[in-house]
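Working through the structure, step by step
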Amino acid sequence: MAAVAVNGAKLGTASQAYLESRAVSDTKVLISDLCRQFYNLGWVSGTGGSITIKVHDDSVPKPQQLVVMSPSGVQKERMLPEDMYVLSPNGSILSTPSPKPYPHKPPKCSDCGPLFMKAYEMRNAGAVIHSHGIESCLVTMINPLAKEFRITHMEMIKGIQGHGYYDELVVPIIENTAYEYELTESLAKAIEAYPKTTAVLVRNHGIYIWGDSWISAKTQAECYHYLFDAAIKLNQLGLDPSTPIHGPIQNVKGVLGSGIHRNISVNAGTPASDNKSDPSQRCIVLDIEGTTTPISFVTDVLFPYARNNVGRHLSATYDTAETQDDIKLLRSQVQDDLEKGVVGSVPIPLDDVGKEEVIGALVANVESMIKADRKITALKQLQGHIWRTGYEKKELEGVVFEDVPEALKKWHDSGIKVYIYSSGSRLAQRLIFGNSNYGDLREYLSGFFDTTVGNKRESSSYAEIVQSVGVDKPSQVLFVTDVFQEAVAAKEAGLEVIVSIRPGNGPLPENHGFKTINSFSEI
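The structure reproduced in this document is the subject of the present report. Source: prediction; values computed, not measured. (Residues numbered from 1 in each chain as written. Predicted model: local features only at pLDDT ≥ 70, side-chain atom pairs only at ≥ 80, totals over all residues. Heavy atoms only, no water.)

1. A few points about the pairing of strand β14 (residues 283-286)
Put simply, the test is: Only protein chains enter the accessibility calculation, which uses a 1.4 Å probe. A residue is then buried if its area is under 20% of the maximum for its type, exposed if over 50%, and partly exposed in between. Secondary structure elements follow DSSP: runs of H or I of four or more residues count as helices, runs of E of two or more count as strands, with numbering from the N terminus. In this analysis, strands are considered paired if DSSP registers two or more bridges between them.
Alternating residues of β14 divide into Cys283 and Val285 and Ile284 and Leu286, and every residue in both groups is buried. One ladder, built from four bridges, connects β14 with strand β15 (residues 417-421); its direction is parallel. Within the sheet, the bridge partner assigned to Cys283 lies in β15 and is Lys417. Sheet topology places β14 next to strand β17 (residues 477-481); four bridges connect them, and they run parallel. Its bridge partner lying in β17, Val285 is registered against Phe479.

2. A closer look at a nonpolar patch on the surface
To keep things clear, this is the line we draw: Each patch is built from residues lacking any salt bridge and having more than 30% relative accessible area; the joining distance is 9 Å for like charges and 5 Å for nonpolar side chains (Val, Leu, Ile, Met, Phe, Trp, Tyr). Computed by Shrake-Rupley with a 1.4 Å probe, the accessible areas treat only the displayed protein chains as cover when residues are assessed. Any Lys or Arg side-chain nitrogen located within 4 Å of an Asp or Glu carboxyl oxygen qualifies as a salt bridge.
A cluster of nonpolar side chains, contributed by Ile134, Leu138 and Met141, occupies part of the molecular surface with about 260 Å² of accessible area. Counting through the fold element by element, Met141 comes out in the loop between α4 (134-138) and β8 (148-152).

3. Considerations on the pattern of salt bridges
One pass over the full model with this rule turns up 27 salt bridges. The residue Arg22 makes a salt bridge to Asp26 at a minimum N-O spacing of 2.9 Å. Taken together, the residues Arg22 and Asp26, both in helix α2 (residues 22-40) and four residues apart, mark about one turn of the helix. When its relative accessible area of 65% is taken as the criterion, Arg22 is described as exposed. A salt bridge links Asp167 to Arg430; the shortest N-O distance between them is 3.2 Å.

4. Observations concerning the packing of aromatic side chains
Threshold: In this analysis, rings of Phe, Tyr and Trp, with Trp reduced to its six-membered ring, are considered paired at centre separations within 6.5 Å, and the interplanar angle assigns stacked below 30 degrees, edge-to-face beyond 60, and tilted for intermediate values. Both a distance and an angle decide whether a charge sits over a ring: NZ of Lys or CZ of Arg must be within 6 Å of the ring centre and within 35 degrees of the ring normal.
A complete count under the given rule lists 13 aromatic pairs for this structure. Each ring, one from Phe38 and one from Trp43, has its centre 4.9 Å from the other, and the planes form 35 degrees; the classification is tilted. The class for Trp43 is buried, based on a relative accessible area of 4%. For the pair Phe149 and Phe228, a centre-to-centre distance of 5.0 Å together with 85 degrees between the ring planes defines the contact as edge-to-face. Here the residue Phe149 occupies a position in strand β8, and Phe228 occupies one in helix α6 (residues 214-236), the gap between them amounting to 79 residues. By the burial criterion, Phe149 is buried, and Phe228 matches it. Taken together, Phe149, Tyr224 and Phe228 form an aromatic cluster joined through their ring pairs. Seen from the ring of Tyr421, Lys456 lies directly overhead, with NZ or CZ sitting 5.3 Å from the centre.

5. Focus: the sheet that holds strand β7 (residues 127-131)
What links the strands of a sheet is backbone hydrogen bonding, and the strands pair in either a parallel or an antiparallel sense. As a reminder of what qualifies: All axes here are fitted lines through C-alpha atoms, helices being fitted over the stretch that makes contact, and every angle between N-to-C directions spans 0 to 180 degrees.
Taken in spatial order, the nine strands of this open sheet run β6-β5-β4-β3-β7-β11-β10-β9-β8, and their pairing is mixed. At either end of the open sheet lies a strand with only one pairing partner, and these are β6 (93-95) and β8. Along the sheet, successive strands turn relative to each other by an average axial angle of 25 degrees, direction set aside. Note that strand β10 (residues 199-202) and strand β11 (residues 206-211) share four bridges and pair antiparallel. Paired with Val202 across the two strands is Gly206, which belongs to β11.

6. Regarding the packing of helix α7 (residues 295-317) against helix α9 (residues 355-371)
The following threshold applies: Oblique is the label for any angle not under 35 degrees, not over 145, and not in the 65 to 115 range, which are roughly parallel, roughly antiparallel and roughly perpendicular in turn. Take the far helix as the reference: if the near one is turned anticlockwise from it by less than a right angle, the crossing is left-handed, and if turned clockwise, right-handed. Working rule for contacts: check all heavy atoms of both residues, and any pair within 4.5 Å makes them a contact.
Interaxial distance between α7 and α9 falls to 9 Å at its minimum, and their mutual angle equals 165 degrees. In terms of their interaxial angle, α7 and α9 are classed as roughly antiparallel. Judged by the twist between their axes, the crossing of α7 over α9 is right-handed. Contacts between α7 and α9 involve Phe303, Ala306, Arg307, Val310, Gly311, Leu314 and Ser315 from the former and Lys355, Ile359, Leu362, Val363, Val366, Glu367 and Ile370 from the latter.

7. Examining the nonpolar core
Among soluble globular proteins, nonpolar side chains are generally buried collectively. As a reminder of what qualifies: We define a nonpolar core as any set of buried Ala, Val, Leu, Ile, Met, Phe, Trp, Tyr and Cys residues linked to one another through side-chain atoms lying within 4.5 Å.
With 56 residues, the main nonpolar core has Leu286, Trp387, Leu408, Trp411, Phe433 and Phe520 as its most contacted residues. When near neighbours in sequence (up to four residues on either side) are disregarded, Phe433 contacts Ile288, Thr292, Val400, Ile420, Gly439, Asp440, Leu441, Arg442, Leu445 and Phe448. With 44 residues, the next largest nonpolar core counts Leu34, Val60, Ala199 and Ile232 among its residues.

Function-wise, these values are silent; they only describe arrangement.
So this is what it looks like as structure tokens:
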């Protein structure tokens, strides 16, 4: 094979060897195999759709890995490995397939190329799939004004990266164009606007899906198509996939803050719209401690339980993958704390020193973190796992104020989506509401946010939440908290804010300027 020029320069010996490597050949074979499978699934029929995979090589950083891409305008189920294009990391063509005799058309690199490269560039993807599956097309037609697809409380949501059963899955929808490459800018804007998404729908066309690897992309593609098909069928049955109980689609009146009445139309997992204004769907985001739940429950019950049981929990589960992951996070946090001179931090010995010595150091660090009430992921994740065991053994029961269940049900029945945002992990949040003194309240909640979206005292965290819940304007989200600094941060992000006054809550500054309530019945 002759040396190939890239941006005017010839590939070096190592790059040329990479181009001719077994890894590139295997990736070509893999794509041809996958396209046959995707054809049978109806994703790439009529020469439509495409797939591209980065060529994995441990010695090559992911952003510098070569890209193998299926060609355009060919029968995907009949493709052979030699029909594939090989591209440089920046999208330049390095290897072109040889022409085939009539009636085959001359080879052409996929028109999806620029869109694939955006997913690689903006999300560090390892593979991107473009499907024309009928489900991904029809689901964008249910509401021609909707800019998003939404669904929640479906088991297959767990197959989408970063999502769980109780989360609301939001997929942006962009408008189709006559030529595929013309979608590049709108796809890039959708990727930027929805930092959690791993897919973008194209109305009346199909979907682009990416993952860290071809396995991740393929698995997610299967889950997305399943969820789209479920949403279509639920809609045909008159049921709403965007609500936790998937009840009947309905037009209802909602009341939220300041006495403003708005029409809320819930339809097929999409934001409502009317002829006069932008979609008027509104959401409520609730803090837990001091808002839905007494501070004393957290400080006098949950924290002591975690502190008193951390050693027992680590000893009993030490060899499990979950606990090893917890230990890995704690090691990293403690190392960072030691470098910064955080008081109470003690070195954690290596595993070969002995299990008991490792656990002893972990317990000392965790106790110090709990005493300092640190809002860090390593601590919150471990605490959640300890509390889960406590709930399972009936040693713990979640506590919410008596007005909370009725309010949650009222908002849910009115079509208002309710989310939780707490410094506790999402697991810890679900445990409180799933095992509360008023029973399982999770059916009234559309999703959970923790500090993985950001610190609760930073406005950027609330901007991230606004993007995730999919409203058009931040003011369509009401945030309820007992913490003044959180209220300020949410207000800076444009949210409507109410401060919760509950027994045991700390005092507010004079002239704080926020509306206050003593019960959710006042909202």
